[in-house]
Amino acid sequence: MENPKPYNSFGNGSAMRVSPCGIVAVCMEEAVALARASASVTHNHPEGIKGAEAVAAAIFLAKMGKSREEIRSHICEHYYELNTTVDEIRVHYGFDESCQGTVPEALICFLESESFEDAIRNAISIGGDSDTVGAITGSVAWTYYCREKGYSQWVYEVPEEMAAIRQQALAYIPEDFVKTAEELHEAAWRRMGTYGRVGSCTWILSPGEIRENQF
């Protein structure tokens, strides 16, 4: 494409691809700013940015060991009302490629889950744009259920019950994708490890860039 530019999209792709922003961030401000920067290169519609920010924020909170109710409360306060249930969604839900028609439903699938696998089952069960719903639900759920076992397991190893799922998934994707995922994980635990030891970490974005990427 010549002269690629944002195209004012509010499609759910901005939320589907944003998980690294929540994973590598060391503060909520950074998570939100990275999400906005990630979305804005294509999905610069306010709803496209909102969806990306909400998912990154949920992942960041999950990484920091917050409860499902704390995550729900933050999303309700800043982004979406999450006042329905998976059973209610399942009755009427159809294909919707927008952030506003995907992100709340995906987050509810996570919030009602009891495990990573249960979250994915919830996401598939409601139908709609299943690959995207599953990707959004899974990105929050994976972080949450890894972190639930303790900081060291989130940083260094996957809980035993999730290891087989990861191994099977890695067998399906190209080697360069696996390498990228490993590099992301390395960057995330190094940044969070530094943050935990000394109480601070160099931001990916400068303070000025973070301010510029806020509402």
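Summarised in this report is the structure supplied together with it. In this numbering scheme, every chain counts its residues from 1 along its sequence in written order. It should be noted that, the model being predicted, local features are given only for residues of pLDDT at least 70 and side-chain atom pairs only at 80 or more, the latter also being counted only at that level, while totals for whole chains, interfaces and linings use all residues. Calculation of side-chain values draws on the structure's entire complement of heavy atoms; hydrogens and water are dropped beforehand.

**Description of the overall build of the chain**
Scanning the chain from terminus to terminus reveals 13 helices and zero strands. Taken from the N to the C terminus, the helices and strands of the chain come in the order α-α-α-α-α-α-α-α-α-α-α-α-α. For the chain, buried positions account for 46% of its 215 residues. Within the chain, contacts between residues separated by at least 24 positions form 70% of all contacts whose residues are at least 6 apart in sequence. Accessibility throughout is a Shrake-Rupley quantity obtained with a 1.4 Å probe, and a residue counts as covered only by protein chains that appear here. In the structure as shown, the chain presents an accessible area of about 11,200 Å², 52% of it carried by carbon and sulfur atoms. Secondary structure elements follow DSSP: runs of H or I no shorter than four residues count as helices, runs of E no shorter than two count as strands, and numbering proceeds from the N terminus. Partly exposed residues are those whose accessible area sits between 20% and 50% of the maximum for their type, while under 20% is buried and over 50% is exposed, using a 1.4 Å probe and protein chains only. We call two residues in contact whenever any of their non-hydrogen atoms come within 4.5 Å of each other.

**Some details on the pattern of salt bridges**
The term salt bridge refers to a side-chain nitrogen of Lys or Arg lying within 4 Å of a carboxyl oxygen of Asp or Glu. In the structure shown here, the tally under the stated rule is four salt bridges. Measuring nitrogen to oxygen at the nearest pair gives 3.2 Å for the salt bridge that ties Arg36 to Glu53. In this pair, Arg36 sits in helix α3 (residues 28-40) while Glu53 sits in helix α4 (residues 46-63), placing the two residues 17 residues apart along the sequence. Across the pair, Glu53 and Arg36 agree in class, each one buried. When the shortest N-O distance is used, the salt bridge between Asp87 and Arg90 registers 2.7 Å. With Asp87 and Arg90 both in helix α6 (residues 86-92) and three residues apart, the pair spans about one turn of that helix. The class of Asp87 is exposed, set by a relative accessible area of 52%.

**Concerning the packing of helix α7 (residues 103-111) against helix α9 (residues 130-147)**
Helix axes use the C-alpha atoms of the stretch in contact, all axes being lines fitted to C-alpha atoms, and the angles between their N-to-C directions lie in the range 0 to 180 degrees. The N-to-C vectors of α7 and α9 enclose an angle of 40°; their axes lie 8 Å apart at closest approach. For the pair α7 and α9, the crossing hand works out as right-handed. Across the interface between the two elements, Val103, Ala106, Leu107, Cys109 and Phe110 of α7 pack against Val133, Ile136, Thr137, Val140, Ala141, Tyr144 and Tyr145 of α9. Polar here means any residue outside two lists: the nonpolar Ala, Val, Leu, Ile, Met, Phe, Trp, Tyr, Cys and Pro, and the charged Asp, Glu, Lys and Arg; Gly therefore counts as polar. Its residues placed into classes, the contact of α7 with α9 shows eleven nonpolar, one polar and no charged. Crossings are assigned a handedness: left-handed for a near helix turned anticlockwise from the far helix by less than a right angle, right-handed for a clockwise turn.

**Considering helix α8 (residues 116-125)**
Burial in α8 covers these residues: Phe116, Ala119, Asn122 and Ala123. Along the axis of α8, the buried residues cluster in a sector spanning 120°; they form a single face. Looking at the buried residues of α8, the elements they touch are α6, α7, α9 and α11 (160-170). Think of the arc as the fan of directions from the helix axis to the C-beta atoms.

**Re a nonpolar patch on the surface**
The patches described consist of residues with a relative accessible area above 30% and no salt bridge, like charges being joined within 9 Å and nonpolar side chains (Val, Leu, Ile, Met, Phe, Trp, Tyr) within 5 Å. A surface patch of nonpolar side chains, amounting to about 360 Å² of accessible area, comprises Tyr172, Ile173 and Phe177. You can see Ile173 is positioned in the loop between α11 and α12 (175-198). According to the relative accessible area criterion, Ile173 is partly exposed, its value standing at 37%.

**Concerning the nonpolar core**
Buried Ala, Val, Leu, Ile, Met, Phe, Trp, Tyr and Cys residues form a nonpolar core when they are joined through side-chain atoms within 4.5 Å. Ranked by size, the top nonpolar core spans 53 residues in total, and within it Val55, Ile71, Ile75, Tyr80, Val103 and Phe110 carry the most contacts. The set of elements that each furnish at least two residues to this core consists of α2 (19-24), α3, α4, α5 (68-78), α6, α7, α8 and α9. With eleven residues, the single largest contributor to this core is α4. When neighbours within four sequence positions are excluded, Val55 is seen to be in contact with Ala15, Val18, Val103, Ile136, Ser139 and Val140.

**With respect to the packing of α3 against α4**
Close contact between α3 and α4 brings their axes to 8 Å; oriented N to C, the two are set at 145°. For the crossing formed where α3 meets α4, the hand is right-handed. Where α3 abuts α4, its residues Met28, Ala31, Val32, Ala35, Arg36, Ala39 and Ser40 lie against Gly48, Ile49, Ala52, Glu53, Ala56, Ala57, Phe60 and Leu61. Tallied by class, residues from the contact of α3 with α4 come to eleven nonpolar, two polar and two charged.

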